[in-house]
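Listed below are the residues making up each chain.
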Amino acid sequence: YTDFSDVLGAAKNQYFDVIFADLDHQDRSGMALFGMLRHSCPKRNFIGVTFNGNQSDGMTLLSLHASDYLVKPYQLDRLDDALKNLRFPVRSETI
């Protein structure tokens, strides 16, 4: 999704185990999206992704109870660690 209202609508109407958000989005901040999602869908795993590597962004996300924060480019083992340490359990259902 590229439009925040689409993301919010989808998050309310569907279950996602993990939501990744680009903190460097051209139109709006992924941090703002996380704030909106946190209030409307509080039991979701959220991982912020950015190019800038600003530690204050990472600390802010973690203080707001995001699952993790990744700096691009990241190694696959770093992504794997983030997915293994989610705040909320992943639903165990098969499709």
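Structure: above.
Residues numbered from 1 in each chain as written. Predicted model: local features only at pLDDT ≥ 70, side-chain atom pairs only at ≥ 80, totals over all residues. Heavy atoms only, no water.

A. Layout of the pairing of strand β3 (residues 68–71). In this structure, strand β2 (residues 45–50) lies alongside β3, joined through 4 bridges in parallel fashion. Looking across to β3, one finds that Gly-48 is bridged to Tyr-69. The parallel pair β2 and β3, bridged by helix α3 (residues 55–63), forms a crossover whose chirality is right-handed. (Pairing = 2+ DSSP bridges. Helix = DSSP H or I, 4+ residues; strand = E, 2+ residues; numbered from the N terminus. Right-handed = clockwise from strand over helix to strand, strands pointing away.)

B. Structural view of the side chain of Thr-50. Mapped onto the elements of the fold, Thr-50 is located in strand β2. Using a relative accessible area of 0% as the deciding quantity, one classes Thr-50 as buried. (Buried < 20%, exposed > 50% of the residue type's maximum accessible area, 1.4 Å probe, protein only.)

C. Main features of unusual backbone geometry. Note the cis peptide between Lys-72 and Pro-73, where omega equals -10°. Mapped onto the fold, Pro-73 is located in the loop between β3 and α4 (76–84). Positive phi, normally seen in glycine, also occurs at His-65, with a value near 75°. Mapped onto the fold, His-65 is located in the loop between α3 and β3.

D. Fine view of the packing of helix α1 (residues 4–13) against helix α2 (residues 30–40). At their nearest, the axes of α1 and α2 sit 11 Å apart, and the two run at 30° to each other. By the angle between their directions, the pair α1 and α2 is classed as roughly parallel. Seen along the crossing, α1 lies across α2 with a hand that is right-handed. The segment α1 lies against α2, with Phe-4, Val-7, Leu-8, Ala-11 and Lys-12 engaging Gly-30, Leu-33, Met-36, Leu-37 and Ser-40. Across the contact of α1 with α2, the residue classes tally to 7 nonpolar, 2 polar and 1 charged. (Axes fitted to C-alpha atoms, helices over the stretch in contact; angles between N-to-C directions. Parallel < 35°, antiparallel > 145°, perpendicular 65-115°, else oblique. Left-handed = near helix turned anticlockwise from the far one by under 90°. Contact = heavy atoms within 4.5 Å. Nonpolar A, V, L, I, M, F, W, Y, C, P; charged D, E, K, R; others polar.)

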